[in-house]
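Letter by letter, the chains look like this.
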Amino acid sequence: MKEYLNCQLCPRKCGANRSEKKGFCGESEKLRIARASLHMWEEPPISGKNGSGTVFFSGCNLGCIFCQNHEIAHKHKGKEISPEQLAEIFLVLQKKGAANINLVTAVHFVPHVIQALDIAKSLGLSIPIVYNSSGYESFETLRLLNGYIDVYLPDYKYCSPLLAERFSKAKDYPETAERALAEMVSQTGPCVFDENGMLKKGVIVRHLVLPGHTDDSMAVLEYLHQTYGDSIYISIMNQYTPMRKYEAYPELSRKLTTYEYGKVVKFAEKIGIRNGFLQSGETAKESFIPSFDIDSDSLVV
């Protein structure tokens, strides 16, 4: 596809000819996925009773040092498939009772995703499509997705450019995520739920509270609430899991404390955030990080 010959799909705009070499995302022009399954650990209106039909794409355009999906984002674990096979995966997940199709970190494969969605919809795919993203998205690529995505599920990781540079080598993350989120909300409008409380259309913004950085978390929540009010939902997450010892970033080598998370939640309540989701308990100890174990014979786990 022509979009991969001088890749401008994400804000890195690396310009790689991905038919000859890998882009910043670590991926070539070949579509690759690391897992496809029913996933129960999303927000309740995304997972529902049966689970979200989640497809994890290999590679990542952001590359956070604390990445929770390190195996696929940094080690690039995955399996090469065709757009036709991806369409088949969507249909299998729908048949299994998935509440939706959940595309995780798909920005660097958007042309293939659109092709697969066109095929699958022509064959009866009818459940909502969720775009699950780091928030570091190109406005132009999001415009390509207009009409294909029902629910956007982006992160809003940082308000501080210094933190964005330090942890993700993306100093422009705040301004880029701000523009991307505005486009997402423009496409979907306010959140719409069905009679069972499942999200059919709209935006849920996720924010993972990082240990030692509650001030930036509060700045993120304040920005989101002042800008969008009750037209979006905000998911405040405490599931940060240290993947290793970070010598240069000692605060990231530990879990988030109950006090830190409580401080951010109290701030959210104080400024009037009503539409949101919280996490309780020791989520960092639970299996929020799936096994990326797709094999050569099975497309759906």
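Refer to the preceding data block for the structure.
A brief structural summary.

A word on the overall build of the chain. Each helix and strand in the chain was counted, giving nine helices and ten strands. Taken over C-alpha atoms, the radius of gyration comes to 18 Å for the chain, in line with the 19 Å a tight globule of 301 residues would show. For the chain, the spread of C-alpha atoms along the principal axes amounts to about 50 × 45 × 35 Å. A separation threshold of at least 6 residues defines the contact pool for the chain, and within that pool the share at least 24 residues apart is 72%. A total of about 13100 Å² of accessible surface is found on the chain, and carbon and sulfur atoms cover 51% of it.

A separate point is the side chain of T54. Mapped onto the elements, T54 comes out in strand 2 (residues 52–57). Residue classification places T54 among the buried positions, given a relative accessible area of 0%. Non-local contacts of T54, meaning those with residues more than four positions away in its chain, are made with R35, A36, S37, H39, E42, L93, N102 and V104.

Okay, helix 4 (residues 110–122) next. Residues that lie three or four places apart on an α-helix share one face, since the helix turns once every 3.6 residues. Between the first and last C-alpha of helix 4 there are 18 Å, a value that for 13 residues agrees with the 18 Å anticipated at 1.5 Å per step. The complete set of buried residues in helix 4 reads V110, P111, H112, V113, I114, A116, L117 and A120. G124 lies just past helix 4 and shows a positive phi near 110°.

Take the nonpolar core next. In a soluble, globular protein the nonpolar side chains are often hidden away together inside. In terms of nonpolar packing, the biggest core is built from 79 residues, with F57, F66, L86, F90, L103 and Y131 touching the most fellow members. Each residue touching Y131, except ones within four places of it in the same chain, is listed here: L103, A106, V107, V110, E137, L142, L145, I149, V151, Y152, L153 and P154. Counting nine residues, the second largest nonpolar core, distinct from the first, contains I46, C191, Y233 and F277.

With that settled, consider unusual backbone geometry. For K13, which is not glycine, the phi torsion reads 45° and is therefore positive. As for its placement among the helices and strands, K13 is situated in the segment before strand 1 (32–39). Classification of K13 as partly exposed rests on a relative accessible area of 41%. Here the phi dihedral of T105 falls at roughly 55°; this positive angle occurs in a residue that is not glycine. Following the sequence through the fold, T105 ends up in the loop between strand 4 (101–104) and helix 4.

Okay, the pattern of salt bridges next. Inspection of the entire model under this criterion finds nine salt bridges. Among the ionic pairs, R206 bridges to E42, the shortest N-O distance being 2.4 Å. Of this pair, R206 sits in strand 8 (residues 199–208) while E42 sits in the loop between strand 1 and helix 1 (44–47), placing them 164 residues apart in sequence. Relative accessible area serves as the criterion here: at 9%, R206 is assigned to the buried category. The structure contains a network of salt bridges with shared partners spanning E42, E43 and R206.

Moving on to the packing of helix 8 (residues 214–228) against helix 9 (residues 258–271). Close contact between helix 8 and helix 9 brings their axes to 10 Å; oriented N to C, the two are set at 25°. Looking at the two axes, helix 8 sits roughly parallel to helix 9. Every pair of crossing elements has a handedness; the one defined by helix 8 and helix 9 is right-handed. Contacts between helix 8 and helix 9 involve T214, D215, S217, M218, L221, E222 and H225 on the former and, on the latter, E260, K263, V264, F267, A268 and I271. Grouping the amino acids of the contact of helix 8 with helix 9 by side-chain chemistry returns six nonpolar, three polar and four charged.

Size it by volume and the second largest pocket reaches roughly 210 Å³. The wall of the second largest pocket is formed by 15 residues, among which G48, K49, A99, N196 and M198 lie closest to the centre. Of all the elements in the fold, those that place two or more residues in the lining of the second largest pocket are helix 1 and strand 8. Residues of the lining of the second largest pocket, tallied by class, amount to six nonpolar, six polar and three charged.

The next subject is empty space enclosed by the protein. The tally for this structure, following the rule as stated, stands at two cavities of 30 Å³ or more. For the lining of the largest cavity, the residue count by class is six nonpolar, three polar and two charged. Counted as a void, the second largest cavity has a volume near 30 Å³. Around the second largest cavity, the lining residues are K157, Y158, L163, H207, L208, L210, H213, D216 and S217. When residues of the lining of the second largest cavity are traced back to their parent elements, those giving at least two are strand 8 and helix 8. Here the residues of the lining of the second largest cavity are counted per class, giving four nonpolar, three polar and two charged.

Turning our attention to the pairing of strand 6 (residues 151–154). Where burial is concerned, the two faces of strand 6 agree: the one with V151 and L153 and the one with Y152 and P154 are both buried. Direction of pairing for strand 5 (residues 129–133) relative to strand 6: parallel, over a ladder of four bridges. Residue pairing for strand 6: Y131 is matched across the bridge by Y152. Each parallel crossover has a hand, and the one from strand 5 via helix 5 (residues 139–145) to strand 6 is right-handed. By the bridge criterion, two bridges tie strand 6 to strand 8 in an arrangement that is parallel. Following the sheet pairing, V151 is matched in strand 8 by G202.

About the criteria used
Residues numbered from 1 in each chain as written. Predicted model: local features only at pLDDT ≥ 70, side-chain atom pairs only at ≥ 80, totals over all residues. Heavy atoms only, no water. Helix = DSSP H or I, 4+ residues; strand = E, 2+ residues; numbered from the N terminus. Rg over C-alpha atoms; globule rule 2.2 N^0.38 Å. Contact = heavy atoms within 4.5 Å. Areas by Shrake-Rupley, 256 points an atom, 1.4 Å probe, with all protein chains shown as cover. Buried < 20%, exposed > 50% of the residue type's maximum accessible area, 1.4 Å probe, protein only. Expected span 1.5 Å × (residues − 1). Core = buried A, V, L, I, M, F, W, Y, C linked by side-chain atoms within 4.5 Å. Salt bridge = Lys/Arg side-chain N within 4 Å of Asp/Glu carboxyl O. Axes fitted to C-alpha atoms, helices over the stretch in contact; angles between N-to-C directions. Parallel < 35°, antiparallel > 145°, perpendicular 65-115°, else oblique. Left-handed = near helix turned anticlockwise from the far one by under 90°. Nonpolar A, V, L, I, M, F, W, Y, C, P; charged D, E, K, R; others polar. 1 Å grid on protein atoms, 1.4 Å probe; cavity = no way out; pocket = protein on both sides within 12 Å on 5 of 7 lines; lining within 4 Å. Points joined across faces, edges and corners; volume = space filled by probe spheres on them. Pairing = 2+ DSSP bridges. Right-handed = clockwise from strand over helix to strand, strands pointing away.

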